[in-house]
Amino acid sequence: MRREAAPVAAAEILLRHGLSDDAVVRYLARSWPLDDNDCQSALNAAHILLRREQPQGSAGADE
């Protein structure tokens, strides 16, 4: 089975805009034919992608 990347991308964007995990999961469930596990997996993948984009040791980099 091939997974669609769009829910993950949408979840990542919504997280960047400050939405809560619950709000993101509700949006995914309304927007795609996903079950609870698929929505949670998309959310988890989005969190992983966001963490990977943060440079290591970036604390205090703006100071």
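Values in this document were obtained by computation on a predicted structure and should not be read as measured data.

Attention now goes to the overall build of the protein chain. A count of helical and extended segments in the protein chain gives 3 helices and 0 strands. Ordered by position in the sequence, the α and β elements of the protein chain form the string α-α-α. Out of the 63 residues in the protein chain, the part that is buried amounts to 25%. Counting only contacts in the protein chain whose residues sit at least 6 apart along the sequence, the fraction spanning at least 24 positions is 55%. Carbon and sulfur atoms make up 49% of the accessible area of the protein chain, which amounts to about 4,900 Å² in all.

Here we come to the environment of Arg16. Here Arg16 is to be found in helix H1 (residues 6–16). Residues Arg16 and Ala46, spaced 30 residues apart in sequence, show a C-alpha to C-alpha distance of 9.8 Å. Residue contacts for Arg16: discarding those within four places in its chain leaves Leu50 and Glu53. Of note is the side chain of Arg16, whose polar atom sits 2.9 Å from the side chain of Glu12.

Here the focus is the packing of aromatic side chains. Overall, the coordinates contain 1 aromatic pair when judged by the stated rule. Here Tyr27 and Trp32 contribute two aromatic rings whose centre-to-centre distance is 6.2 Å and whose plane-to-plane angle is 75°, an arrangement assigned as edge-to-face. Given the relative accessible area of 31%, Tyr27 is considered partly exposed.

Axis separation between H1 and helix H2 (residues 21–31) bottoms out at 10 Å; the angle between their running directions is 145°. The two elements H1 and H2 meet at a crossing, and its hand is right-handed. Seen from H1, the contacting residues are Pro7, Ala10, Ala11, Leu14 and Leu15; seen from H2, they are Asp21, Val24, Tyr27 and Leu28. Tallied by class, the residues present in the contact of H1 with H2 amount to 8 nonpolar, no polar and 1 charged.

The next subject is the nonpolar core. Membership of the largest hydrophobic core comes to 13 residues, with the highest contact counts inside it found for Ala11, Leu15, Val24 and Leu28. Listing elements by their share of this core, those giving two or more residues are H1, H2 and helix H3 (36–53). Ignoring anything within four residues of it in the chain, the contact list for Leu28 reads Pro7, Ala10, Ala11, Leu34, Cys39, Ala42 and Leu43.

The rules behind each value
- Residues numbered from 1 in each chain as written.
- Predicted model: local features only at pLDDT ≥ 70, side-chain atom pairs only at ≥ 80, totals over all residues.
- Heavy atoms only, no water.
- Helix = DSSP H or I, 4+ residues; strand = E, 2+ residues; numbered from the N terminus.
- Buried < 20%, exposed > 50% of the residue type's maximum accessible area, 1.4 Å probe, protein only.
- Contact = heavy atoms within 4.5 Å.
- Areas by Shrake-Rupley, 256 points an atom, 1.4 Å probe, with all protein chains shown as cover.
- Polar contact = N/O pair within 3.5 Å; in protein donor to acceptor, adjacent residues only side chain to side chain.
- Phe/Tyr/Trp six-rings, centres within 6.5 Å; stacked < 30°, edge-to-face > 60°.
- Axes fitted to C-alpha atoms, helices over the stretch in contact; angles between N-to-C directions.
- Left-handed = near helix turned anticlockwise from the far one by under 90°.
- Nonpolar A, V, L, I, M, F, W, Y, C, P; charged D, E, K, R; others polar.
- Core = buried A, V, L, I, M, F, W, Y, C linked by side-chain atoms within 4.5 Å.

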